[in-house]
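Fold and geometry: a report
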Amino acid sequence: AGPGQAAMYAGLQELGVANGEDLKETLTNCTEPLKAIEQFQTENGVLLPSLQSALPFLDLHGTPRLEFHQSVFDELREKLLERVSAIALEGKVEERYKKLEDLLEKSFSLVKMPSIQPVVMCVMKHLPKVPEKKLKLVMADKDLYKACAVEVKRQIWQDNQALFGDEVSPLLKQYILEKENILFSNDISVLHNFFSPSPKTRRQGEVVQKLTQMIGKNVKLYDMVLQFLRTLFLRTRNVHYCTLRAELLMSLHDLEISEICTVDPCHKFTWCLDACIREKFVDNKRARELQGFLDGVKKGQEQVLGDLSMILCDPFAINTLALSTIRHLQDLVGQDTLPRESPDLLLLLRMLSLGQGAWDMIDSQVFKEPKMEAELITKFLPMLMSFVVDDHTFNVDQKLPSEEKGPIPYPSTIPEAFTKFLQENRIACEIGLYYILHITKQRNKNAFLRLLPALVETFSDLAFSDIFLHLLTGNLTLLGDEFALEEFCTSLFDGFFLTACSRKENVHRHVLRLLLYLHHKVAPAKLESLQKALEPTKQSGEAVKELYNQLTEKLELRKPSPAEVTETPSMELPLPTVPTPASR
């Protein structure tokens, strides 16, 4: 018997059941092998008197004894598995678990025997508390650990954080990679962007579902995952970990796992915010609910602010709060109301401030809400409102009959204070960037070119962050026709993108994405100079080189051959039409 066969009989001897080794020994030491075999069969066969006469009948049909025993064995194993599952549900709790524990005690020595292993695993799966000794044996054997059900693994994980970390870590890496792939996707669209999928759809993602299943109803494991997410967020500042924190809680909420939801102090706040994210707007009723949660943080429980800030730091939450802020500002212009007179607007700013301060709060472990700068409300927001007014005024002027003095030009300068706010105040910067996304979506070229210079230097380079550039490139597809104009391209590329390309690889990637999509709209001379400026360097990563090669190939295809130039005008390839949805 080789090592494979030894495994087949693992543990039988301990139970006093003869195995292949015993047969080998019997045959080695006997004088009449056939008699010895017959005796071995009688002693170890199925002990049913009525069977003895039936077996020769099978022999006549050429059915090997192995096949017969195997089918009986399989049948019995199925019955046993059904019975174990039934025992787990019947009678008094103590009694049923006592039966299962006894069964485990009897069968555990056969756990390495492939044919019996499913039964042993099934017994352990149904035991809420597998004896510590057995868990240690399973944990020490790679194959057994792999084979056991998630219910058993949870019992192992809850006392072995490092082992659980090893299981969770690849999933977290995969999650971050998936998010980055969406942000850098070559499909640029204003309709389908990073923020398009609903929260419910996002929670169906593979990583969230796997983590939900690994946690089950186990609060200890849930806490461990949250601890991993906090640690990774602190280490990397990557905000996608905050998204996962919220998605995981809401995934458990969908499954009505009250054991966890009731003990997570952020549950109701996250649930309410989730509804706002679904609508991409914070309405008055929900605003009051969210405010109630924030005002209800009691003395001595301030630590919950760390968790709430992480929930609010989720880019999907920031996106919803920022979009709502821009909408409120427009409404205030129509109502002749100042920002400081709008409680709803002040609440949005309070939540933005809490979300943007998440990293500092968790890092410093000082749990109190960040102080709101008065100037943000008394100076910066009124300045944004004055830009909205400038647009209204200009539009009205355009419609008035032209007098002697000629048309009034669009204001081209920006207040110095606006640029300063974008550089020094995080909340102002976030709102300013969303205002620029808003005017781009409205195809407001004048306002876009006026404010663009302010983006070259922003607070912690927010204007060159992937989420902003992903949204901006999508919205710029609506201004596609402007790319034929030298002035527009110079402002956008030379004045903004190219200022950061050499020092920020991600900006280089986003510009190439944009050109891959809009190259046919760009004036040929400009396109040529951009192609030179965007050439990858030795330091450039694979992604940049790959995008640049794709762009070069596309441009090669567009160049007419010398013969065509003389005979006919340049033949362009049919170009994909860019969908232009009505601006909201």
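Computed from a predicted structure; not experimentally measured. (Residues numbered from 1 in each chain as written. Predicted model: local features only at pLDDT ≥ 70, side-chain atom pairs only at ≥ 80, totals over all residues. Heavy atoms only, no water.)

1. Describing the overall build of the protein
When helices and strands are counted, the protein shows 32 helices and zero strands. Classification of the 584 residues of the protein by burial places 44% in the buried group. The contacts in the protein between residues at least 6 apart in sequence include a share of 71% that link residues at least 24 apart. Accessible surface for the protein amounts to roughly 31300 Å². Of this, 56% is attributable to carbon and sulfur atoms. (Helix = DSSP H or I, 4+ residues; strand = E, 2+ residues; numbered from the N terminus. Buried < 20%, exposed > 50% of the residue type's maximum accessible area, 1.4 Å probe, protein only. Contact = heavy atoms within 4.5 Å. Areas by Shrake-Rupley, 256 points an atom, 1.4 Å probe, with all protein chains shown as cover.)

2. Re helix H31 (residues 542–558)
Its 17 residues place the ends of H31 25 Å apart at the C-alpha level, agreeing with the 24 Å of an ideal helix rising 1.5 Å per residue. Those residues of H31 lying buried are Val544, Leu547, Tyr548, Leu551, Leu555 and Arg558. The arc that holds the buried residues of H31, viewed along the axis, is 100°, so those residues lie on one side. In H31, the exposed positions that point more than 90 degrees away from the buried face belong to Glu542, Glu553 and Leu557. Structurally, H31 contributes buried residues whose contacts are with helix H29 (505–518) and helix H30 (524–533). (Expected span 1.5 Å × (residues − 1). Arc of directions from axis to C-beta.)

3. Remarks on helix H13 (residues 206–215)
Regarding H13, the residues found buried are Val207, Val208, Leu211, Thr212, Met214 and Ile215. Looking straight down H13, one finds its buried side chains confined to an arc of 165°; they lie on one side.

4. Remarks on unusual backbone geometry
Positive phi outside glycine occurs at Asp336, with the angle close to 55°. Within the secondary structure, Asp336 is located in the loop between helix H20 (315–335) and helix H21 (343–356). Positive phi, normally seen in glycine, also occurs at Asp461, with a value near 55°. Mapped onto the secondary structure, Asp461 falls in the loop between helix H26 (445–451) and helix H27 (466–476).

5. Observations concerning the pattern of salt bridges
Within the structure shown, the criterion is met by 24 salt bridges. For Lys210, the salt bridge identified is with Glu206, shortest N-O distance 3.0 Å. Here Glu206 and Lys210 lie together in helix H13, a separation of four residues that amounts to about one turn. With a shortest N-O distance of 3.9 Å, Lys504 and Asp461 are connected by a salt bridge. (Salt bridge = Lys/Arg side-chain N within 4 Å of Asp/Glu carboxyl O.)

6. With respect to the confidence of the model for the protein
Confidence along the protein averages 87 in pLDDT terms, with 85% of residues attaining 70 or more. For the stretch residues 564–573, pLDDT sits under 50, and the model shows five contacts to residues farther than four places along the chain or on other chains. (pLDDT = per-residue confidence, 0-100.)

7. What about the nonpolar core?
As a rule of thumb, nonpolar side chains are buried together in soluble globular proteins. Core analysis: the biggest nonpolar cluster contains 160 residues, and Phe380, Leu476, Phe483, Leu492, Phe493, Phe496 and Phe497 have the highest contact counts within it. Not counting chain neighbours up to four residues away, the residues in contact with Phe496 comprise Leu452, Leu455, Val456, Ala463, Phe464, Leu469, Leu472 and Ser491. (Core = buried A, V, L, I, M, F, W, Y, C linked by side-chain atoms within 4.5 Å.)

8. Some thoughts on the packing of aromatic side chains
All chains considered together, the criterion is met by 17 aromatic pairs. Aromatic side chains Phe380 and Phe421 sit 5.2 Å apart centroid to centroid with 55° between the ring planes, which places their arrangement in the tilted category. Taken together, the positions of Phe380 in helix H23 (residues 374–399) and Phe421 in helix H24 (residues 416–424) put the pair 41 residues apart, joining distant regions of the chain. On the basis of relative accessible area, Phe421 is assigned to the buried category, the value being 10%. Where Phe493 meets Phe497, the ring centres are 6.0 Å apart and the plane angle is 40°; that geometry is what we call tilted. Of the two residues, Phe493 and Phe497 are both situated in helix H28 (residues 486–501); the distance of four residues between them amounts to about one turn of the helix. Like Phe493, the residue Phe497 is buried in the burial classification. Aromatic ring contacts, followed pair by pair, group Phe448, Phe464, Phe483, Phe488, Phe493, Phe496 and Phe497 into a single cluster. In this arrangement the basic side chain of Arg202 is found over the ring face of Phe316, its NZ or CZ atom lying 3.6 Å from the centre. Positioned over the ring face of Trp359 is Arg237, at 3.4 Å from the centre of the ring. (Phe/Tyr/Trp six-rings, centres within 6.5 Å; stacked < 30°, edge-to-face > 60°. Lys NZ or Arg CZ within 6 Å of the ring centre and 35° of its normal.)

9. Points about the environment of Glu302
Take Glu302: it is sitting in the loop between helix H18 (284–295) and helix H19 (304–313). Residue Glu302 is classed as partly exposed on the basis of its relative accessible area, which comes to 28%. Separated by 66 residues in sequence, Glu302 and Lys368 have C-alpha atoms that sit 6.8 Å apart. One polar contact links the side chain of Glu302 to the main-chain amide nitrogen of Gly300, over a distance of 3.0 Å. (Polar contact = N/O pair within 3.5 Å; in protein donor to acceptor, adjacent residues only side chain to side chain.)

10. Concerning the side chain of Gln155
Structurally, Gln155 is set in helix H10 (residues 150–157). Taking the relative accessible area as the measure of exposure, Gln155 reaches 11% and is therefore buried. Engagement of the side chain of Gln155 in a polar contact is seen with the backbone oxygen of Leu127, the distance being 2.9 Å. Separated by 3.2 Å, the side chain of Gln155 and the backbone oxygen of Pro128 make a polar contact.

11. Some thoughts on a nonpolar patch on the surface
A cluster of nonpolar side chains, Leu27, Leu34 and Ile37, forms an exposed patch at the surface whose accessible area comes to about 270 Å². In this structure Leu27 comes out as partly exposed when scored by relative accessible area, which is 32%. (Patch = residues over 30% accessible without salt bridge, like charges linked within 9 Å, V, L, I, M, F, W, Y side chains within 5 Å.)

12. Points about the side chain of Asp391
The topology assignment puts Asp391 in helix H23. Of the side chains bearing the opposite charge, Arg450 lies closest to the buried Asp391, which forms no salt bridge; the N-O distance is 6.2 Å. A polar side-chain atom of Asp391 sits 3.0 Å from a polar atom in the side chain of Asn444. With sequence-adjacent residues up to four places away left out, Asp391 is seen in contact with Tyr410, Tyr435, Asn444 and Ala447. (Lys, Arg positive; Asp, Glu negative; His and termini not counted.)

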